Amino acid sequence: GECSAFKERFMECLRHSGYESAACRQSAMAYLECRMDRRVAPARAGRQLMANEPLEKLGFKDLINEKSEEKPKKS
């Protein structure tokens, strides 16, 4: 599938961390973002693999805040 690489990175992270999901939150967030962004096969055109949900609602608010803090401020 379209998100296989994201899924595999997440699963690899889990294996390397002894299945400690907290250590793999970045990978989990990337995988979920992929699923929300991708459309299903043409037979179901217009449908997504996963409904769009705010990442904050999915428990990634702290990671989103980290991303925005990493951006250089314009002067």
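In the nomenclature of an unreviewed UniProt entry, the chain is known as Cytochrome c oxidase assembly protein COX19 of Polioptila caerulea. Under the UniProt heading Subcellular location (unreviewed entry), the note attached to the chain is "Cytoplasm". The record in UniProt for the chain states the following under Sequence similarities (unreviewed entry): "Belongs to the COX19 family."

Phi is positive for Tyr19, close to 60°, though the residue is something other than glycine. Among the structural elements, Tyr19 can be located in the loop between helix H1 (4-16) and helix H2 (25-37).

Right, let's get into the nonpolar core. The biggest cluster of nonpolar side chains holds 10 residues, and these are Phe10, Cys13, Leu14, Cys24, Ala28, Met29, Met36, Leu55, Phe60 and Leu63. Put simply, the parts of the chain that give this core at least two residues each are H1 and H2.

Rules used in this analysis
- Residues numbered from 1 in each chain as written.
- Predicted model: local features only at pLDDT ≥ 70, side-chain atom pairs only at ≥ 80, totals over all residues.
- Heavy atoms only, no water.
- UniProt positions renumbered as here; feature names shortened; annotations may be inferred.
- Helix = DSSP H or I, 4+ residues; strand = E, 2+ residues; numbered from the N terminus.
- Core = buried A, V, L, I, M, F, W, Y, C linked by side-chain atoms within 4.5 Å.
- Buried < 20%, exposed > 50% of the residue type's maximum accessible area, 1.4 Å probe, protein only.

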